[in-house]
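Structure assessment
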Amino acid sequence: MTDHDRPPYIPVPPRPPADKAQGGETGTDERLALNRTGSFEWDLDARTVDVDEAGLLVFGLDPKTFDSRPETLLERLEPPERVRLEDAVDEAIKSGSASYSVHVRVPVAGGDQWTHVQARILRHNDGQAHRVIGLVRDATAEVTHSAFVLALEKRRQRQTDIVERTTSALSRAVTVDDVTAALTGPGGLARLGADGLALGLLDNTALNVIALSGDSLEVVDELGSGRLDPKFPLADTVLSGRPRFVSSLGALTRRYPVLEPFVGQLKFQAAAYLPLVAQARTLGGLALFYRERTAFNPDERNLCLGLAAIIAQSLQRATLFDEEREFATGLQSAMLPRRIHDIEGGEIAVRYHAAWSGRQVGGDWYDVIALPKDRFGIVVGDVQGHDTHAAAIMGQLRIALRAYAAEGHPPSTVLARASRFLSELDTDRFATCAYAQVDLATGTVRVVRAGHFGPLIRHTDGRVGTPQVRGGLPLGISTDFGDEEYPETRLDLVPGETLVLYTDGLVEEPGADIEAGVRTLIAEVSAGPAGAEALADHLSDRLWERWGSGDDVALLVLRRSPDPGSPRAPRLHQYIHQADPEGLSEARTIVRQALTDWDMAELADDAELVTGELLVNVLLHTEGGAVLTLEVLPEPVRRVRLSVQDRSSAWPRRRTPGETATSGRGLLLLDAVATRWGIEPRGEGKAVWCEIGPSVPPTTAPAPPDPDPAPGTDPDPPESSKLPESPEPEHGTAYGTNGRTPKS
């Protein structure tokens, strides 16, 4: 019969040679018996097992009735234990192992006994096992102690994990809101090992519950914030300064009878009420609730007290930070304008965010300054540094710059004097800023900058331009170096366009190049809503919170009111940058789309052709951009008027190109397509206009408009500006025809 043909083998104690006591000494058998240890010898071939008396006692068998059968020992075990023992022995014999060791439970009077079987396998020369000899012993005390140690170690490891995870979460908390978020947010209760939580802070004579999570007593409305009454457990703990450990709801109501009516609403069984004390000052109280716990041993009480100490220290640090932050932001707010007055012809929105660093208030500022002749100045700036000294300098510099601007000085002079003022303060700080004088009646914006970002302009179609604004050195530095030159750049803000000024905190992303931040800002300005307030909120939410709060941010958004005309006489405006092929193409598309929307699609081809010709002339032969205005003249005959305004004082002239010439035909084309056209002066520049559509009978020609129209409104030019009808005007003076016969 092979090993596989035999039934499962069970170790049976082999009996080693007797070691009898001699000379009054205790022999081996006696010593093993005293230690509840016996021996066995198992003959695999004969299928018998010889177990000494001590070994049989370990198995709970009577030596007088034991029949030496392995099955008799096997029957003493429960089925799961029997299978586990069989598997261990069979695996050892078949694998060629020299020994095995296994613990099994043996039912005895009074309960289960853990029995340790340890044996050696004897084999023939061919490796075939034939005998097993070994020991069996009562290991109940050993296993029980080991299980106790393991459970104790597991419990202590759990307590250590609770402390470590809670400490780690609170180490990142800066404000009181951060502390409550760490305790009540995802995983908060699991970190504390509790099923519910209530956190209350002292506020003079009141106890305000600022955090609740899970099962708690304070979920009952009648037991909420405000009560510092010793009849309630959390208030009692705060007033007495002593922790309360409650192992059952019965014990809770016996100590606090006022809670008796609410027992049915409570879902916990035990609670720990802990005072929050830091530097001998009671800050409030913490209550931890447990659904199943019935008692608190010393280790668990120490764990709760340790958690309370950690939370108290975090709250003290966070409260101090909140107080410092309130002081810093209050100081900063006191130095900024309390409110921005409404402006005629547009809207302004400002935003300021303080750096998230306690007392380290920054030096960013914004301002809007009323100027003569319905103009106003706008400014954003940044004083070097992030401390109260920077804020103090900012306050002085803002007042000085406001005074210089209000005196009526041009922008370049305002910054030169501000630089001199900062230098005379005898401080080592410098400042950057961008300042602009704005006239919304004409759309003129005169910008200067001192080491600062230039403005962004969002056009009516959503595109965002970055005009090239020349700049000078930062304020203070320019005076020290004797270079107070701040060149002025003129921009034209057409109706519906938006100008954005900002400080570096809005575009600085930690670990990234600042140019990437500027590109992101441009994308957000383009994607944001049109209104100034809505766009300011959009930028504040999307960028300041995205980058973080390591720097303060000042933001100013100015939008010129749209000028859509009327339903019968609609109007649109568009600004095209110098050398902007994309803007030129988009302008042609906008003109065609507008005429289609206005039910004048039959004029779209001519209007689109003229738009391209007039804009190309400006963009090629001047040094600036162009303002395109398209409007409908409804009376007496519905026509389209198209105007292109630039800042060049040189008027275009008609040429007679040869057959091979590649240019010079633009005015000839205009003359052939337009019903009327002409040129009129506009401040520093001019506007070339044309009308497309049916001509107006002389008796019903419209009256001349205001002789000083605003840019972008483009009514009919005054008679004094119209050129006499002539196919060949004087060389180099003007070009144009008025009242020409309409095309057939």
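**Regarding the packing of aromatic side chains**
One pass over the full model with this rule turns up five aromatic pairs. Here the aromatic rings of F268 and F289 are separated by 4.6 Å at their centres, their planes lie at 45 degrees, and the arrangement is tilted. With a gap of 21 residues between them, F268 in the loop between α9 (249-255) and β9 (270-278) and F289 in strand β10 (residues 281-290) connect regions that are remote in the sequence. Taking 5.8 Å as the distance between ring centres and 70 degrees as the angle between the ring planes, the aromatic pair formed by Y290 and F296 counts as edge-to-face. Above the ring of W689, the side-chain terminus of R641 is found at 4.3 Å from the ring centroid.

**Concerning the sheet that holds strand β13 (residues 375-383)**
Reading across from one edge, β12-β13-β14-β15-β18 is the order of the five strands in this open sheet, with antiparallel pairing throughout. Of all strands in the sheet, those bounded by a partner on one side alone are β12 (363-371) and β18 (489-492). Within the sheet, the average angular offset between the axes of one strand and its neighbour, ignoring direction, is 20 degrees. Two strands pair when backbone bridges link them, and strand β15 (residues 444-450) and β18 are joined in this way by four bridges, in the antiparallel orientation. For V447, the partnering residue across the bridge sits in β18 and is T489.

**What about the confidence of the model for the protein?**
Low-pLDDT stretches of the model should not have their predicted coordinates read in fine detail. Mean pLDDT for the protein: 79, with 80% of residues reaching 70 or above. By mean pLDDT, helix α1 (residues 28-34) is the weakest element of the protein at 54, and strand β19 (residues 498-502) is the strongest at 95. Predicted confidence for residues 1-16 stays below pLDDT 50, and this span has 65 contacts to residues more than four positions away or in other chains. Considering only residues more than four positions removed or in separate chains, one finds that residues 700-744, a stretch of pLDDT under 50, has 101 contacts.

**Quick word on the packing of helix α16 (residues 581-597) against helix α17 (residues 604-621)**
Between α16 and α17, the shortest axis-to-axis distance is 9 Å and the interhelical angle comes to 155 degrees. As judged from the angle between their axes, α16 and α17 are roughly antiparallel. Crossing hand, α16 versus α17: right-handed. Touching L584, A587, R588, V591, R592 and L595 of α16 are A604, D605, A607, E608, T611, G612, L615 and V616, all from α17. Here the contact of α16 with α17 is built from residues that sort into eight nonpolar, two polar and four charged.

**So, the pattern of salt bridges**
According to the stated counting rule, one finds 31 salt bridges in the structure shown. With a shortest N-O distance of 3.2 Å, R398 and D367 are connected by a salt bridge. Of this pair, R398 sits in helix α11 (residues 388-406) while D367 sits in strand β12, placing them 31 residues apart in sequence. With respect to burial, R398 and D367 carry one shared label: buried. Of the charged contacts in the structure, one is a salt bridge between R463 and D461, with a shortest N-O distance of 3.0 Å. Accessibility expressed as a relative area gives 16% for R463, which makes it buried. Bridged by salt links that share partners, the residues R47, D67, R69 and E71 form one connected network.

**Remarks on the pairing of strand β1 (residues 37-43)**
Burial of β1 is extensive: five of the seven residues sit out of reach of the surface. Alignment of β1 against strand β5 (residues 129-138), held across seven bridges, turns out to be antiparallel. Across the sheet, the residue bridging to G38 is V136, located in β5. Examined bridge by bridge, β1 and strand β2 (residues 48-51) share four bridges and lie antiparallel to one another. By the bridge assignment for β2, D43 is matched with T48. The loop that links β1 with its antiparallel partner β2 comprises four residues; one of these, R47, has a positive phi angle of about 55 degrees.

**Some points on the sheet that holds strand β22 (residues 626-633)**
Through backbone hydrogen bonds, the strands of a sheet pair up, either in parallel or in antiparallel fashion. If you walk across this open sheet you meet the five strands as β21-β22-β23-β25-β24, and the pairing is antiparallel. Of all the strands in the sheet, the pair left with one neighbour each is β21 (571-576) and β24 (676-682). Each strand axis lies, on average, 15 degrees off the axis of its neighbour in the sheet, ignoring direction. Of the strand pairs in this sheet, β21 and β22 are connected by six bridges, and their pairing is antiparallel. Each residue of the ladder has a partner; that of I576, found in β22, is A626.

Reading guide: rules and limits
- Residues numbered from 1 in each chain as written.
- Predicted model: local features only at pLDDT ≥ 70, side-chain atom pairs only at ≥ 80, totals over all residues.
- Heavy atoms only, no water.
- Phe/Tyr/Trp six-rings, centres within 6.5 Å; stacked < 30°, edge-to-face > 60°.
- Helix = DSSP H or I, 4+ residues; strand = E, 2+ residues; numbered from the N terminus.
- Lys NZ or Arg CZ within 6 Å of the ring centre and 35° of its normal.
- Pairing = 2+ DSSP bridges.
- Axes fitted to C-alpha atoms, helices over the stretch in contact; angles between N-to-C directions.
- pLDDT = per-residue confidence, 0-100.
- Contact = heavy atoms within 4.5 Å.
- Parallel < 35°, antiparallel > 145°, perpendicular 65-115°, else oblique.
- Left-handed = near helix turned anticlockwise from the far one by under 90°.
- Nonpolar A, V, L, I, M, F, W, Y, C, P; charged D, E, K, R; others polar.
- Salt bridge = Lys/Arg side-chain N within 4 Å of Asp/Glu carboxyl O.
- Buried < 20%, exposed > 50% of the residue type's maximum accessible area, 1.4 Å probe, protein only.

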